[in-house]
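Residues per chain, in single letters:
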Amino acid sequence: MGETALWRAVIEQAILDAAKIHKCTARTRSRERLARYAALDWLENGGEDFGVVCNFAGLDLNAVRERAVGAVEFSKLKRWRWRKRAFNS
């Protein structure tokens, strides 16, 4: 059970990194962007290791990808709304 939770946490962190919506400082912006793109790439094109992690987590690979895409799309919508609100203030 502990191992399953660990691997699920790995997937959860990748989804959170891919869907980051918070503002960052100039110093951390490039690192955050690199982490986001790396997480997106792993979730979309993770290859064999993504499948292994999903298997260890006891999750269906396609279901994880579907949820990840939904989370990323939702975060893009939230970023768009934040920018629109910031510019209209």
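Residues numbered from 1 in each chain as written. Predicted model: local features only at pLDDT ≥ 70, side-chain atom pairs only at ≥ 80, totals over all residues. Heavy atoms only, no water.

Novice: I'd like to hear about the overall build of the protein chain, residue by residue, with values.
Specialist: Check the secondary structure of the protein chain and you find four helices and zero strands. Split into buried and exposed, the 89 residues of the protein chain put 24% on the buried side. Long-range contacts, defined as pairs at least 24 residues apart, comprise 59% of the intrachain contacts of the protein chain with a sequence gap of at least 6. Surface summary for the protein chain: the accessible area is close to 6,700 Å², and the carbon and sulfur share equals 56%. (Helix = DSSP H or I, 4+ residues; strand = E, 2+ residues; numbered from the N terminus. Buried < 20%, exposed > 50% of the residue type's maximum accessible area, 1.4 Å probe, protein only. Contact = heavy atoms within 4.5 Å. Areas by Shrake-Rupley, 256 points an atom, 1.4 Å probe, with all protein chains shown as cover.)

Novice: An account of helix α1 (residues 2-18) is requested, with residue identities and associated values reported.
Specialist: For an α-helix, 3.6 residues make a turn, and residues three or four places apart therefore share a direction. In this model, α1 (17 residues) spans 24 Å end to end at C-alpha, consistent with the 24 Å of a helix rising 1.5 Å per residue. Considered for burial, the residues of α1 that qualify are I11, A14, I15, D17 and A18. (Expected span 1.5 Å × (residues − 1).)

Novice: So, the environment of V53: which residues are in play, and what are the values?
Specialist: Assignment of secondary structure puts V53 in helix α3 (residues 47-57). As for V53 and L6, which are separated by 47 residues in sequence, their C-alpha atoms are 9.8 Å apart. Beyond its immediate sequence surroundings of up to four residues, V53 is in contact with W7, V10, I11 and W42.

Novice: Residue-level account of the nonpolar core, with values.
Specialist: Residues I11, A18, W42, L43 and F50 are the most contacted members of the largest nonpolar core, which totals 16 residues. Mapped onto this core, the elements with two or more residues apiece are α1, α2 (26-45), α3 and α4 (61-88). (Core = buried A, V, L, I, M, F, W, Y, C linked by side-chain atoms within 4.5 Å.)

Novice: Just give me the short version of the confidence of the model for the protein chain, but keep the residues and values in it.
Specialist: With 75% of its residues at a pLDDT of 70 or more, the protein chain has an overall mean of 80. In the model of the protein chain, α4 stands out as the element of lowest mean pLDDT, 74, in contrast to α1, which has the highest, 91. (pLDDT = per-residue confidence, 0-100.)

Novice: Outline the side chain of D17, listing residues and values.
Specialist: Tracing the backbone through its elements, the reader meets D17 in helix α1. Ignoring sequence-local partners within four residues, the contact set of D17 consists of A35, R36 and A39.

Novice: Hey, could you go over the packing of α1 against α3 for me, with residue numbers and the actual values?
Specialist: Packing of α1 against α3 brings their axes to within 7 Å, and their N-to-C directions diverge by 135°. One element, α1, and the other, α3, form an angle in the oblique class. α1 and α3 meet at a crossing whose hand is left-handed. Only V53, C54, F56 and A57 of α3 make contact with α1, whose side of the interface consists of T4, W7, R8, V10 and I11. The residue makeup of the contact of α1 with α3, split by class, is seven nonpolar, one polar and one charged. (Axes fitted to C-alpha atoms, helices over the stretch in contact; angles between N-to-C directions. Parallel < 35°, antiparallel > 145°, perpendicular 65-115°, else oblique. Left-handed = near helix turned anticlockwise from the far one by under 90°. Nonpolar A, V, L, I, M, F, W, Y, C, P; charged D, E, K, R; others polar.)

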